[in-house]
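Summary of the model geometry
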Amino acid sequence: MTGISFEFFPPKSEAAGEKLWQSIGRLAPLAPDFVSVTYGAGGTTRDRTHACVKRIIDETDLKPAAHLTCVAAAKSEVDSVIDDYASAGVRHVVALRGDMPDMGAFQPHADGYTGSLELVAALAARGNFDITVSAYPEKHPESVSIDADIDLLKAKIDAGATRAITQFVFDTEAHLRFRDRLAAAGVTIPVIAGIMPTTNFTGAKRMAEACGANVPAWLADAYEGLEDDADTRKHIAASVAVDQCRKLIDEGFGHLHFYTLNQADLTFAVCRILKLGAAAS
Ligand code: FAD
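Small disclaimer: the values here were computed from a predicted structure and weren't measured.

Extensive coverage of strand β5 (residues 130-135) is indicated by the burial of five of its six residues. Where strand β4 (residues 92-96) lies against β5, three bridges are found, and the strand directions are parallel. By the bridge assignment, His92 is partnered in β5 with Asp130. Once you follow β4 into helix α4 (residues 116-126) and on to β5, the crossover reads as right-handed.

In spatial order, the strands read β1-β2-β3-β4-β5-β6-β7-β8; together these eight strands close into a barrel with parallel pairing. Neighbour to neighbour, the strand axes of the sheet diverge by 30 degrees on average, direction disregarded. With five bridges joining them, strand β1 (residues 3-8) and strand β8 (residues 255-259) adopt parallel strand pairing. From the neighbouring strand, Gly3 faces β8, where its bridge partner is His255.

This brings us to helix α5 (residues 146-159). Along its 14 residues, α5 runs 20 Å from first to last C-alpha, staying within 8% of the 20 Å computed at 1.5 Å per residue. Taken together, the buried positions of α5 are Ile146, Asp149, Ile150, Leu153 and Lys156. Viewed end-on, α5 has its buried residues packed into an arc of 115 degrees, placing them on one side of the element. Exposed residues lying more than 90 degrees from the buried face of α5 are Asp151 and Asp158. Along its buried surface, α5 packs onto α4, β5, β6 (163-166) and α6 (172-184). Positioned one or two residues after α5, Gly160 has a phi angle of 135 degrees, which is positive.

Cut-offs and rules
Here the residue index of a chain counts from 1 through its sequence in written order. Given that the model is predicted, a residue must reach a pLDDT of at least 70 before its local features are reported, and side-chain atom pairs must reach 80 or more before they are shown or counted; all residues, however, enter totals for whole chains, interfaces and linings. Side-chain measures were taken over the full set of non-hydrogen atoms in the model, leaving aside hydrogen atoms and water. Exposed residues in this analysis have more than 50% of their type's maximum accessible area, buried residues have under 20%, and partly exposed residues fall in between, with area computed by a 1.4 Å probe over protein chains only. Labels follow the DSSP assignment, with helices taken as runs of H or I lasting at least four residues and strands as runs of E lasting at least two, numbered in each case from the N terminus. Paired strands are those between which DSSP finds at least two bridges. By convention a crossover is right-handed if, when the strands point away from the viewer, the path from the first strand over the helix to the second runs clockwise. The convention used is that axes are lines fitted to C-alpha atoms, helices contributing only their stretch in contact, and that angles between N-to-C directions extend from 0 to 180 degrees. Helix span, as expected, comes to 1.5 Å for every residue beyond the first. In this context, the arc is that of the directions from the helix axis out to the C-beta atoms. We call two residues in contact when some of their heavy atoms are within 4.5 Å.

Set out below in structure tokens:
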């Protein structure tokens with residue numbers, strides 16, 4: 001059976017919190033393998049991420065994965081977040097280097113971890129965590145090549161990572177090529193395909209540009225001129241996400257990770273139509 005997981009971000013306001021908990025309430029019955037909660041640039045959401053993860057532990061049966069980055073923090077600060085996660089009952093951490101708050105070139109904190117590799121090693125040394133890391137089918141924007149990214153992924157695995165989640169891509173063929181390159185490079189940990197179903201194509205395009213994801217011409221064409229037509233965008237988004245997921249499943253991807261952007265509708269619809277998670281029973 002294809003595994004599923006959902007990513008949320010910690011809410012900034014009470015209203016956003018309500019929306020998030022409605023979304024969690026809607027998606028929880030699908031019984032995802034885990035739900036992850038992001039960590040804001042430069043640790044800006046440290047307390048909100050922690051509170052959100054804690055509430056998931058206290059109020060639901062979901063298994064949370066807490067994201068953690070090493071931006072703008074001394075090792076001692078990051079270690080105390082790790083220890084706080086452990087005492088709150090978090091057993092799964094998504095370990096990332098992170099981006100600078102201004103998205104400029106990464107500068108490690110003078111007393112901080114230098115990147116994801118050291119963070120993974122610290123997590124592995126400090127507790128019995130299940131450690132997930134990132135992977136980039138279309139290359140990280142700062143990377144010299146996909147091979148360099150794969151070498152880094154292998155180093156993260158050697159340091160203790162047990163699973164990777166891919167950056168979202170719209171071009172499914174890129175996911176398939178990446179899978180083949182990972183297999184050829186001897187990567188055997190589960191690599192979960194990241195999917196971002198969204199009706200906000202303008203926002204998605206902006207995010208894709210920031211993280212180096214290709215926006216295929218056929219996708220841009222499909223949304224062309226629909227800026228004021230949210231209904232049609234919603235239908236297109238569902239159809240695109242279903243096609244993408246179906247292809248990945250047919251190609252043997254065993255787990256899909258949905259970047260929900262705290263919205264349940266599309267992810268719920270995709271899981272229903274493809275009978276993913278508890279929608280299978
Ligand atoms: P890494 O995989 O460590 O490396 C990224 C690139 O940096 C490499 O490709 C390489 O070019 C360079 N690099 C790093 N280390 C070395 C080295 N030792 N030698 C040579 N080159 C190196 N961001 C957040 O702020 N909060 C989140 O919660 C968050 N969640 C994410 C979840 C997923 C699944 C993904 C895919 C990304 C997430 N991000 C998040 C974004 C991520 O922080 C950025 O993409 C960031 O720029 C890279 O962090 P990383 O751990 O993915 O990078």
